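Analysis of the macromolecular model
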Amino acid sequence: MGLMRYFLDQGYSRAAIVAGHVFALLYFTHSIINTKMPRTDKLLPMRETLRGYHYLVGTLLLITVIVILIRWFKDKPISAGALNPAAHRWARTLALLTYCMLFITPLLGFVNAW
């Protein structure tokens, strides 16, 4: 519980912390599926199963990113002791841009698959 307490003390909500951990787990799972799917023969039924998992985990990732972005603007974390406020803002800006790209990516994938 020490890590949770550390982030709570920094100003992050419990929902934001849990969403961050869920995001990491889902992204790891999605990467494994994306690695396995092209290496599976197109005629095997497992390919369609992997595609279904790809859509499922991708949708869950999109929902998680939406939750993270909502919490992003509601939480007001303070600068960590090791970083000055300018470096903290810069790191948060880069993270926000990454989350925005991860929000757009499934939408582009859906348009491409359609």
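Refer to the structure presented above.
Below is a short write-up of the structure. Note that the coordinates shown come from a computational prediction; the quantities given were computed from them, not determined experimentally.

At a closest axis distance of 9 Å, the pairing of helix α3 (residues 45-74) and helix α4 (residues 85-113) adopts a crossing angle of 145°. The chirality of how α3 crosses α4 is left-handed. Contacts between α3 and α4 involve Leu-62, Val-65, Ile-66, Ile-68, Leu-69, Trp-72 and Phe-73 on the former and, on the latter, Arg-92, Ala-95, Leu-96, Tyr-99, Cys-100, Leu-102, Phe-103 and Pro-106. Class assignment of the residues belonging to the contact of α3 with α4 gives a composition of 14 nonpolar, no polar and one charged.

In the contact formed by helix α1 (residues 2-9) and helix α2 (residues 14-36), the axes pass within 9 Å of each other and the chain directions differ by 125°. Regarding the angle of α1 to α2, the classification is oblique. α1 and α2 meet at a crossing whose hand is right-handed. Packed against α1, whose contacting residues are Met-4, Phe-7 and Leu-8, the element α2 presents Arg-14, Ile-17 and Val-18 at the interface. Class assignment of the residues belonging to the contact of α1 with α2 gives a composition of five nonpolar, no polar and one charged.

About the thresholds
Throughout this document, residue positions are counted from 1 along each chain, in the order its sequence is written. Note on the predicted model: pLDDT of at least 70 is required for a residue's local features to be given, and 80 or more for side-chain atom pairs to be given and counted; whole-chain, interface and lining totals, by contrast, use all residues. Where side-chain values are given, they derive from all heavy atoms of the structure, hydrogens and water being excluded. Throughout, an axis means a line fitted to C-alpha atoms (over the contacting stretch in the case of helices), and angles, computed between N-to-C directions, take values from 0 to 180 degrees. Secondary structure elements are taken from DSSP: a helix is a run of H or I of four residues or more, a strand is a run of E of two residues or more, and numbering for both begins at the N terminus. Left-handed is the label given to a crossing in which the near helix is rotated counterclockwise from the far helix by less than a right angle, and right-handed is the label when the rotation is clockwise. Only heavy atoms matter for contacts: two residues are in contact if any of them lie within 4.5 Å across the pair. Polar here means any residue outside two lists: the nonpolar Ala, Val, Leu, Ile, Met, Phe, Trp, Tyr, Cys and Pro, and the charged Asp, Glu, Lys and Arg; Gly therefore counts as polar. Small angles under 35 degrees read as roughly parallel and large ones over 145 as roughly antiparallel, with 65 to 115 read as roughly perpendicular and the rest as oblique.

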